[in-house]
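# Observations on the model geometry
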Amino acid sequence: MYQLEEKVWFWALVIIPVIVLLFLLLQLWKRNTQKKFANATVLQRLSPDKSIFKSILKLVLLSLAFACLALALVNPKIGTKLETVKREGVDIVFALDVSKSMLAEDIAPNRLDKAKQLVTQIINNLASDRVGIIAYAGRAVPQLPITTDYASAKLFLNNMNTNMLSSQGTAINEAIKLSKTYFDDEEQTNRVLIIISDGEDHSEDAVAVAEDANEENGIRIFTIGVGDLKGGPIPLKINNVVQSYKKDSKGETVITKLNEATLKSIANEANGVYINGKITANVVEEIRGILNAMDKTEFEAKQFADFEDKFQWFLAFGVLFLFIDIFLLERKTAWLKKLNLFNENL
């Protein structure tokens, strides 16, 4: 396991292609200037110790020096000690609606992006809880198993879109059933499923499935509604430009609306609450209060406890390459003349 403390210093590596470009321009300028004074044969006699190989070698050394110094500034760290630590938290599965209706822009920037923002902010406010992610539309598919790796969770979340599932609809019941497989540890006492959806085109047995999940598996279900009660059309875009809006079989523009009634029923039957997702800060605060009020389950997790700085090695090599470059002369040495690497003695 490694860490990069100051990644911004990777930009310093840009200086290497600049050095190479300047070297090439300098060599071109030298060649053109020398041609004005004498031909190649005369130049060879005037400067017999001139070495192309040495010039290239000095360029390589200088580039390596800058690369090492840049990496030293980045300060790579290597994990040296893996510890098993005990944590207390709640296991939370996020079920995100990725049906086409989530493209409606009745809530900025659109329902799906708003849902991602909500989940991201909730994760940012977690401490020792474990999280998992499910995507669903006409069916439900697992995205991320239960984990404490919040960075991975947010990465998977950002990659979710309305094209990832071909079957359309809002199969909340399938998402609830799939969430049961996430909680496979008998020691898990607090099991939370957070459904983020507009609640439209839901399956009729979603409420009954939610009730069973709570009674048989101890899963508390909280629902967050994204969208507006007045609704809005579903834009069809090409290269982020709206071309038209989704229409029904009669050619009428489809208006999709937030269905709070369904989401409230699901939450009520599963010992949870419904939250309107319009204001992100309010949602995050309410979820935080709910989670803090729950009893925490203790579980074990492995993590690197100690990280050692390794910048010293890169700094040492960088300084070494600079010293070699400084004391390396551009003219040929006796052994290099004998090698005649570039046929310079012809």
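The rules behind these values
Residues numbered from 1 in each chain as written. Predicted model: local features only at pLDDT ≥ 70, side-chain atom pairs only at ≥ 80, totals over all residues. Heavy atoms only, no water. Helix = DSSP H or I, 4+ residues; strand = E, 2+ residues; numbered from the N terminus. Buried < 20%, exposed > 50% of the residue type's maximum accessible area, 1.4 Å probe, protein only. Expected span 1.5 Å × (residues − 1). Arc of directions from axis to C-beta. Contact = heavy atoms within 4.5 Å. Pairing = 2+ DSSP bridges. Axes fitted to C-alpha atoms, helices over the stretch in contact; angles between N-to-C directions.

Going from A108 to P109, the amide bond is cis rather than trans, its omega being -10°. We note that N271 has phi near 60°; this positive angle belongs to a residue other than glycine. Structurally, the position occupied by N271 is in the loop between α8 (260-269) and β12 (274-276). For N271, a relative accessible area of 44% puts it in the partly exposed group.

Moving on, we come to helix α10 (residues 311-327). Along its 17 residues, α10 runs 25 Å from first to last C-alpha, staying within 8% of the 24 Å computed at 1.5 Å per residue. Three or more residues of α10 are buried, namely G318, F321 and D325. Down the axis of α10, the sector holding all buried residues measures 65°, keeping them to one side. Exposed residues pointing more than 90 degrees away from the buried face of α10 are listed as W313, I326 and F327. Residues of α10 that are buried make contact with α3 (52-74).

Its place among the elements puts S101 in the loop between β3 (91-97) and α4 (111-124). Taking relative accessible area as the criterion, S101 reaches 7% and is therefore assigned buried. Not counting the four nearest positions on each side in its chain, S101 is found in contact with R111, D198, E200, I234 and T256.

All right, on to the sheet that holds strand β4 (residues 130-136) then. Ordered in space as β5-β4-β3-β6-β7-β12, the six strands form an open sheet in which the pairing is mixed. Taken across any chain shown, the strands that pair with only one partner, and hence form the sheet edges, are β5 (140-147) and β12. The average angle at which neighbouring strand axes cross in this sheet is 20°, direction not considered. Bridge analysis of strand β6 (residues 191-197) against strand β7 (residues 219-225) gives seven bridges, and the strand direction is parallel. When the bridges of β7 are listed, I194 appears paired with F222. Sitting on the sheet, α4 is in contact with β3, β6 and β7, with an inclination near 170° to β3. Each of β3, β4 and β5 is contacted by helix α5 (residues 150-158), which is oriented at about 10° to β4, the strand it contacts most.

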